[in-house]
Amino acid sequence: MGDSSVAAGALVPSAPKPDSAPSTGGDAQAQAQQHPAQAEDAGAAASASPSSSPEEGEGDGDGEGGGEAAASAPDRELLCPICITLIKDAFLTACGHSFCYMCIVTHLTHKSNCPCCSNYLNKAQLYPNFLLDKVLKKMSARQVAKTASPIDQLRHVMQQGNDMSVKDLDSLMTLIAEKKRQMEQQESETNMQILLVFLHCLRKQKLDELNEIQTDLQYIKDDISSVERHRLDLYRAKERYSMKLRMLLDEPAASKMWPSPMDKPSSPFLPNSRAPLNASSPGGLNNRKHDLRAQVSHQGYQRRDALVCPDPPNPPIQSGNVIARKRRVQAQFNELQEYYLQRRRTGGQSRRQDDTVAMNREGYHEGLEDFQSVLTTFTRYSRLRVIAELRHGDLFHTANIVSSIEFDRDDELFATAGVSKRIKVFGFSTVVNEPSDVHCPVVEMATRSKLSCLSWNKYSKNIIASSDYEGIVTVWDVQTRQSVMEYEEHEKRAWSVDFSRTEHSMLVSGSDDCKVKVWCTNQEASAINIDMKANICSVKYNPGSSYFVAVGSADHHIHYFDLRNPSAPLHVFGGHKKAVSYVKFLSNNELASASTDSTLRLWDVKDNCPVRTFRGHKNEKNFVGLSVNNEYIACGSETNEVFVYHKAISKPASSHRFVSSDLDDAEDDPGSYFISAVCWKSDSPTMLTANSQGTIKVLVLAP
């Protein structure tokens, strides 16, 4: 999925702005319009507060109440006409007006008149107003007493310099010391209580962890016993097989040990002609029989001892493959440990609930058996090896980005599509077994627009569907190289198309027009239309049913629909931080998704829950491909690398970097290319990969 440039491919759509965004400006404007009114109301309240104080005073019957009201809301006559606050250091003018000393002095430095009556005035005509100062100090003290804290009140008293005796000070200090002691004691008790709560919580947590560790240790102990027992059984079976093999190989020696009746001279059971048997020597024959039975019995005991040997011999010298697999275990030990404990705990809980032990034929617990399978498949491979390579481009098209690459039903053919406006079909065995610089496709079909996705029909080998940048979904017959059906209902670019595995005539598509459409090859119009709120990047049928469809959207979510009721999704899986570019099913219940937040995620569509998050590749803007099989997940990276993850391990199991063998291409910046498509071969460690340079490689997982 890319454009005509080599360096940049198709960008994954981002989520559209919410519908409520335009109204934000209106709300902000409404709030801005409300702010002046609020400011005017606040200003009116502030200006009205001095004048309202007499009314509040009148509401109180006694004079003391009126004084308190005056203290809380001073009369205008007590305000300085210049600064409009309570007068500080009151001074009286010759004309009878009172001002703050600093206010009137500052005024007289610029003018020589009274601010109130405009009569001539100079600094010599200013006189201290002691009475007003005293009244104002009392009012201030009352106001502090009503509104200030005890500390502020005490500080105010001390600053005012009120006369206090030593005895009063001692009494006050005693009260303060006692209060301090009580507060310290209370604070200590509170601290001890908090510490005790913390220790209890920590003890409970550690006990829970200890119980969990003890349970895990018991699981490990049981599993070690099971594995050792099975290992001993394998050794015994090997010894029995070796014993039978030796007996078959040593058959001539056995016949000599048990001579035939015809071999009379050497037979111990018959008398020799030169040693006649008489009555005087009956014990000789009995002794010989006894010796022979003892010899046979000794050999039988040796064989039984070999079969019931409790301990196998020392392990043989380990091969390089075994050492490499052990190193892979150590490298991913934490991830493997987490998966083992997860599977074992889940199995242990189900065992306790059902009161039964789920054991397989080897005596393993179900969780251990599952982990052994994961461990075997995970350590089997360590790298990706290139077994074939071809160039997708041609001389007439410089745009070589491969948007999609898919195997057919039988894995004999694979088709490629991209911005070159051509569908090319290659023979897989020809590409692998006949190395060549240029491989010619067995079928090539030209299209009107750039292609974004391909999907082979799972029943008919010759039918393939494509989606393109004009929103057209086309069904092709590869044998005749002609289009069978064309669906043009999408209004914008169609990113994805997929045939159903269970209903061969049904296919689904998703587009930038925020619509998912379900088509039937037997009719021209869409059968089902689902309107969504964001661009559709990927659609995929559940492999076990034609009713269930997963949709990857630019709104960062995966929507899982039941097409029998398409009005609302069955479940919406959230967790990705950017657009979901791909969705693929590993099984009927396991769904993998890729996003431009550089993560893959595994979901359980049966239990509607996340399973695991995979990190290691880089994907921030382009479609880089996603493919799955039963055990592994493969994806591309914007570092021009292919990454393979095991579904049980969140870190990459292996990776491969595309390195061009062409000298001209090698001079280009490797960071300008990215992986654009990947596809697994069914039930095989082999995969097809392509990048934005037009290079297609056949990779296989190798030890």
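Residues numbered from 1 in each chain as written. Predicted model: local features only at pLDDT ≥ 70, side-chain atom pairs only at ≥ 80, totals over all residues. Heavy atoms only, no water.

**Some remarks on the overall build of the protein**
Within the protein one finds 13 helices and 31 strands. Of the accessible surface of the protein, which amounts to about 40,700 Å², a share of 53% is contributed by carbon and sulfur atoms. (Helix = DSSP H or I, 4+ residues; strand = E, 2+ residues; numbered from the N terminus. Areas by Shrake-Rupley, 256 points an atom, 1.4 Å probe, with all protein chains shown as cover.)

**With respect to the packing of helix α9 (residues 320-331) against helix α11 (residues 366-380)**
One way to put it is that α9 packs onto α11 with a least axis distance of 9 Å and a crossing angle of 110°. Relative to α11, the element α9 lies roughly perpendicular. Here α9 and α11 pass one another in a crossing that is right-handed. Along the contact surface, α9 presents Arg325, Arg328 and Val329, while α11 presents Leu375, Thr376, Phe378, Thr379 and Arg380. (Axes fitted to C-alpha atoms, helices over the stretch in contact; angles between N-to-C directions. Parallel < 35°, antiparallel > 145°, perpendicular 65-115°, else oblique. Left-handed = near helix turned anticlockwise from the far one by under 90°. Contact = heavy atoms within 4.5 Å.)

**With respect to the sheet that holds strand β26 (residues 632-636)**
On the basis of which strands lie adjacent, the open sheet formed by 4 strands has the order β25-β26-β27-β28 and antiparallel pairing. Edge positions in the open sheet fall to β25 (626-628) and β28 (652-657), since each of these has one partner strand only. Strand-to-strand twist of the sheet, defined as the mean angle between neighbouring strand axes without regard to direction, takes the value 15°. Judged from the 5 bridges that link them, strand β27 (residues 641-646) and β28 form a sheet pairing that is antiparallel. Considered in β28, the bridge of Glu641 is made with Arg657. Sheet strands touched by α11: β26, β27 and β28. Its angle to β27, the strand with the most contacts, is close to 160°. (Pairing = 2+ DSSP bridges.)

**Re a nonpolar patch on the surface**
Side chains of Met192, Leu195, Phe198, Leu199 and Leu202 sit close together on the surface and give an oily, nonpolar patch of about 460 Å² of accessible area. Counting through the fold element by element, Leu195 comes out in helix α6 (residues 166-249). Taking the relative accessible area as the measure of exposure, Leu195 reaches 40% and is therefore partly exposed. (Patch = residues over 30% accessible without salt bridge, like charges linked within 9 Å, V, L, I, M, F, W, Y side chains within 5 Å. Salt bridge = Lys/Arg side-chain N within 4 Å of Asp/Glu carboxyl O. Buried < 20%, exposed > 50% of the residue type's maximum accessible area, 1.4 Å probe, protein only.)

**Remarks on the packing of aromatic side chains**
Applying the stated rule across the entire model yields 16 aromatic pairs. Note on Phe407 and Phe414: the rings are 6.1 Å apart at their centroids and 65° apart in plane angle, and the pair reads as edge-to-face. Across the pair, exposure class does not vary: Phe407 and Phe414 are buried alike. Members of the aromatic cluster, connected to one another through ring pairs, are Phe407, Phe414, Phe426 and Phe428. (Phe/Tyr/Trp six-rings, centres within 6.5 Å; stacked < 30°, edge-to-face > 60°.)

**A closer look at the nonpolar core**
Ranked by size, the top nonpolar core spans 25 residues in total, and within it Leu384, Tyr632, Val642, Val644, Trp680, Met687 and Leu701 carry the most contacts. If you look at the next biggest cluster of nonpolar residues, it comprises 22 residues, including Cys537, Phe614, Phe623 and Tyr645. (Core = buried A, V, L, I, M, F, W, Y, C linked by side-chain atoms within 4.5 Å.)

**Quick word on the environment of Glu503**
Within the element layout of this structure, Glu503 appears in the loop between β13 (494-499) and β14 (506-511). Between the alpha carbons of Glu503 and Lys458 there is a distance of 8.8 Å; along the sequence they are 45 residues apart.

**Remarks on the pattern of salt bridges**
Taken as a whole and judged by the stated rule, the model has 22 salt bridges. A salt bridge links Lys461 to Asp408; the nearest nitrogen and oxygen atoms lie 2.3 Å apart. Pair noted here: Lys461 is in the loop between β9 (451-456) and β10 (463-468) and Asp408 is in the loop between β5 (402-407) and β6 (413-418), with a separation of 53 residues, a long-range link. Neither Lys461 nor Asp408 differs from the other in exposure class; each is buried. The residue Glu488 makes a salt bridge to Arg448 at a minimum N-O spacing of 3.7 Å. Separated by 40 residues along the polypeptide, Glu488 in the loop between β12 (482-487) and β13 and Arg448 in the loop between β8 (443-446) and β9 bring together distant segments of the chain. A relative accessible area of 52% means that Glu488 is categorised as exposed. Assessed through its relative accessible area of 52%, Arg448 is described here as exposed.

**As for the sheet that holds β5**
Pairing is antiparallel across the open sheet formed by 4 strands, whose spatial order is β5-β6-β7-β8. Looking at the sheet topology across the chains shown, the edges are occupied by β5 and β8. Looking at each pair of strands side by side, their axes are set apart by 15° on average, direction ignored. Of the pairings in the sheet, the one linking β6 to strand β7 (residues 422-427) comprises 4 bridges and is antiparallel in character. Its bridge partner lying in β7, Leu413 is registered against Gly427.

**Let's talk about the confidence of the model for the protein**
Confidence along the protein averages 79 in pLDDT terms, with 73% of residues attaining 70 or more. Note that pLDDT drops below 50 for residues 260-285; the model gives that stretch 7 contacts with residues more than four away or on any other chain. (pLDDT = per-residue confidence, 0-100.)

**Things to note about the state of the cysteines**
Summed over all chains, the structure comprises 0 disulfides. Looking at the unpaired Cys95, the closest cysteine sulfur is the one in Cys114, lying at 3.5 Å. (Disulfide = S-S within 2.5 Å.)

**Thoughts on the pairing of β12**
Note on strand geometry: in a regular strand, side chains alternate between the two faces of the sheet. The pairing of strand β11 (residues 473-477) with β12 spans 5 bridges and is classified as antiparallel. Looking at β12, one finds that Val475 is bridged to Met485. Counting the residues in the hairpin turn of β11 and β12 gives 4 residues, including Arg481, whose phi is positive at 60°.

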